[in-house]
Amino acid sequence: MHPFTWLALWLWYSVSALFVPLPILVGWCMVPVVMMMMWAAARWRIKIVMVFMIPMGIGLWLVHSHWLQSLFSHNDNVSFAVPMFAIVLWLRLFVFFAAAQLWLQKVPTQQFVAALFSSRLPIGMAYLCAGPLLLKEQLKQQLAAIKEAQSARGVSFDGSLVQRLKTIVPLLSPLLMQSLNDLTTRSSALDARAFRRYPHRTVLKPISEYRWEPFLRVVLLCCLLVEGGAFWLYHSISIG
Amino acid sequence: MALSLDIDRLMVDVHGVYQLGPITLKLEEGQWLAVLGGNGSGKSLLARLLVGSLEDGSLRYIQGKCEVLGSNILLENEMKHTRQRVQQSPYLQFSGCCFTVEDEIAFGPQNLALPTAEIMSRVETALTRFKCQHLRLRNPQTLSGGEAQRVLLACVLVMHPKLLVLDQALGRLSQEATYQALDAIQCYVEELQCSVVMLEHRLFPAADYCLQRVLLEEGRTRPFEEILPSSLVQQVVLPEQLKTMLRQETANLNEAARVLAPFMRGSQPC
């Protein structure tokens, strides 16, 4: 399937999580996890989901259960009811993140960037959308160079967790400055390669798609509109 | 033959901190010019001025004439694909959105909306000439310095420029690879009547390809013939043996052709 179809599926599944009630939401967020467990190639992503979502869950619980408030205010009248709002929010974010991991596994960055560049989007817009996905390799290389340079100046990247945390500043500050400085060179290089000179560019490797895929994308987006509308209407009537 | 570069007593103040000039450069179509100079002599600034990549409003106090490919670049300071510059750090000049060398080389011609067959033909020629066929499917960001520089030269020359500015662009290549790359550029020069400006701090290999040479010293150009050997030795990296010979045998560089001859590499057929 075309990367945009997978993207539309992810969008539909994730945004729908905003509209489903709590009992269904629990099952809704289990689906991507079960799929990741069943799909051997994607199994390693479960760890990423857990590493990201568990600390977030703890943070939300601490804030919304008023535990932190009681700790700092010495107020005995604080209520410790189960923070349903935080649980629902966490489950919704879980759906977004876990489904995104599935999408990333299914659509490699290379394929998605190719799809963006061969789409009808203006090339500048396509580059802008692809930008965050393209940063990884470039930052990795810059980081390796900075690490080497800082090692030569005596900064140690080994040792305990505290020592390694201390090295974040000598790594991140040059990385940020260098990235900003490189922007001019990068934009000049793109200009020299006639980037955005013409409204259309030749597509060498068009991404193929089934004939029904554009229809499916439209249906999914319409479903979202219908779900959102129904949700809004239901709440308006309930409040009314 | 038409002039690619027609710069006469040009004086510019860049960013209000660095003054370039007076600069006089004349270069005909399909010719090579070496601009030699040490660190801080203004080579990269001159290179950026020639291709129009200096930021808008950075040029002040302008005097003289500056025509590049027939247009006054002081009035039309914009990047054009007919003027290409290759600098020392190749990775920054990659598009950043291609995952194979083949796609990276095709990126520019694709932007020019050329027909697919034409793009493929240009890419194949560039890959062959710069000996990058085996790198075809590699990610440009994972290439070694020398490989990246060869790929970048291929990326630039598939645009079929009329002016190529090499700003110490071959520093990461071995001596053999440097000459191979320059031979490949020579093929393009003959085919496209492209002019080449080499900005270098080393006399060789620039002297092997460029019949015209000037010295850039604190932003000022001086014809090679007027330079005293002692001045050249201070500014430009030379082979040790040549340094000794220049100090002993010549009073000025009018006689240098004789001294340089034994160090020159014979021209290679395209």
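Residues numbered from 1 in each chain as written. Chains lettered and ligands numbered in written order. Predicted model: local features only at pLDDT ≥ 70, side-chain atom pairs only at ≥ 80, totals over all residues.

### Section: the overall build of chain A
Alright, step 1. Of the regular secondary structure elements, chain A holds ten helices and zero strands.
Alright, step 2. Taken from the N to the C terminus, the helices and strands of chain A come in the order α-α-α-α-α-α-α-α-α-α.
Alright, step 3. Against the 2.2 N^0.38 benchmark of 18 Å for 240 residues, chain A shows a C-alpha radius of gyration of 23 Å, more extended than a compact globule.
Alright, step 4. On the principal axes, the C-alpha backbone points of chain A span a range of 65 × 60 × 40 Å.
Alright, step 5. Burial statistics for chain A: of 240 residues in total, 14% are counted as buried.
Alright, step 6. Looking at chain A alone, contacts between residues at least 24 apart form 71% of all its contacts between residues at least 6 apart. (Helix = DSSP H or I, 4+ residues; strand = E, 2+ residues; numbered from the N terminus. Rg over C-alpha atoms; globule rule 2.2 N^0.38 Å. Buried ≥ 20, exposed ≤ 12 C-beta atoms within 10 Å, placed from the backbone. Contact = placed C-beta atoms within 7 Å.)

### Focus: the pairing of strand E7 (residues 163–167) of chain B
For a regular strand, side-chain orientation follows a simple rule: the groups alternate between the two sheet faces.
All names here are of chain B.
Alright, step 1. Most of E7 is tucked away: five of the five residues are buried.
Alright, step 2. Here E7 shows no split at all, with Leu163, Val165 and Asp167 on one side and Leu164 and Leu166 on the other all buried.
Alright, step 3. Relative to E7, strand E6 (residues 83–86) runs parallel, the two sharing four bridges. Paired with Arg85 across the strands is Val165, a residue of E7.
Alright, step 4. In this structure, E7 lies alongside strand E8 (residues 195–200), joined through five bridges in parallel fashion. (Pairing = 2+ DSSP bridges.)

### Section: the sheet that holds strand E5 (residues 71–72) of chain B
All names here are of chain B.
Alright, step 1. Spatially, four strands are ordered E2-E1-E4-E5 in an open sheet, and the strand pairing comes out antiparallel. Both edges of this open sheet fall to strand E2 (18–28) and E5, since each of them pairs with a single strand only.
Alright, step 2. Bridge analysis of strand E1 (residues 3–14) against E2 gives eight bridges, and the strand direction is antiparallel. Residue pairing in the sheet places Val14 in a bridge with Tyr18 of E2.
Alright, step 3. In this fold helix H1 (residues 43–51) packs onto E1, E2 and strand E4 (59–68), with an angle of close to 60 degrees to the strand it touches most, E2. (Axes fitted to C-alpha atoms, helices over the stretch in contact; angles between N-to-C directions.)

### Here we look at the domain arrangement of chain A
Alright, step 1. Along its sequence, chain A is carved into domain 1 (1–118 + 212–232) and domain 2 (131–202).
Alright, step 2. Look at where the C-alpha atoms of domain 1 of chain A and domain 2 of chain A centre, and you get two points 30 Å apart. (Domains from an automatic or database assignment.)

### Describing the interface of chain A and chain B
Alright, step 1. Counting residues at the interface gives 25 residues for chain A and 26 residues for chain B.
Alright, step 2. Of all the secondary structure elements, the ones that give two or more residues to the side of chain A that touches chain B are helix H6 (109–117), helix H7 (123–152) and helix H9 (168–192) of chain A.
Alright, step 3. Per-element tally for the side of chain A that touches chain B: the top contributor is H9 of chain A, with eight residues.

### Some points on the environment of Arg138 of chain B
Residues and elements named next belong to chain B.
Alright, step 1. Counting through the fold element by element, Arg138 comes out in the loop between helix H3 (116–129) and helix H4 (145–157).
Alright, step 2. Residue Arg138 is classed as partly exposed on the basis of its 18 C-beta neighbours within 10 Å.
Alright, step 3. With 39 residues separating them in the primary sequence, Arg138 and Phe99 have C-alpha atoms 7.4 Å apart.

### A closer look at H1 of chain B
Residues and elements named next belong to chain B.
Alright, step 1. Within H1, seven of the nine residues are buried, which leaves it mostly tucked inside the rest of the structure.
Alright, step 2. Within the span of H1, buried status applies to Lys43, Leu45, Leu46, Ala47, Leu49, Leu50 and Val51.
Alright, step 3. The positive-phi residue at the C-terminal boundary of H1 is Gly52, with phi of around 80 degrees.

### Some details on the packing of helix H2 (residues 22–38) of chain A against helix H5 (residues 84–106) of chain A
All names here are of chain A.
Alright, step 1. Running from N to C, H2 and H5 point in directions that differ by 25 degrees, and their axes come no closer than 9 Å. One way to sum up the angle between H2 and H5 is to call them roughly parallel. The handedness of the crossing between H2 and H5 comes out as left-handed. Judged by residue contacts, Leu22, Leu25, Val26, Trp28, Cys29, Pro32, Val33, Met35 and Met36 of H2 engage Val88, Leu91, Phe94, Val95, Ala98, Ala99, Gln101 and Leu102 from H5.
Alright, step 2. Grouping the constituent residues of the contact of H2 with H5 by class yields 16 nonpolar, one polar and no charged. (Parallel < 35°, antiparallel > 145°, perpendicular 65-115°, else oblique. Left-handed = near helix turned anticlockwise from the far one by under 90°. Nonpolar A, V, L, I, M, F, W, Y, C, P; charged D, E, K, R; others polar.)

### As for the nonpolar core
Note that soluble globular proteins tend to have their nonpolar side chains buried in a common cluster.
Alright, step 1. The biggest cluster of nonpolar side chains holds 98 residues, and the ones touching the most others in it are Ile105, Val151, Ala154, Leu166 and Val197 of chain B.
Alright, step 2. Looking at which element gives the most residues to this core, the answer is H4 of chain B, with eight residues.
Alright, step 3. Here this core spans two domains, since at least three of its residues come from each of domain 1 (1–118 + 212–232) and domain 2 (131–202) of chain A.
Alright, step 4. In this structure, Val197 of chain B is in contact with Leu27, Leu33, Val35, Leu50, Val165 and Leu166 of chain B, ignoring residues within four places of it in sequence.
Alright, step 5. Grouped together as the second largest cluster of nonpolar side chains are twelve residues, Leu25, Trp28, Met36 and Ala99 of chain A included. (Core = buried A, V, L, I, M, F, W, Y, C linked by C-beta atoms within 7 Å.)

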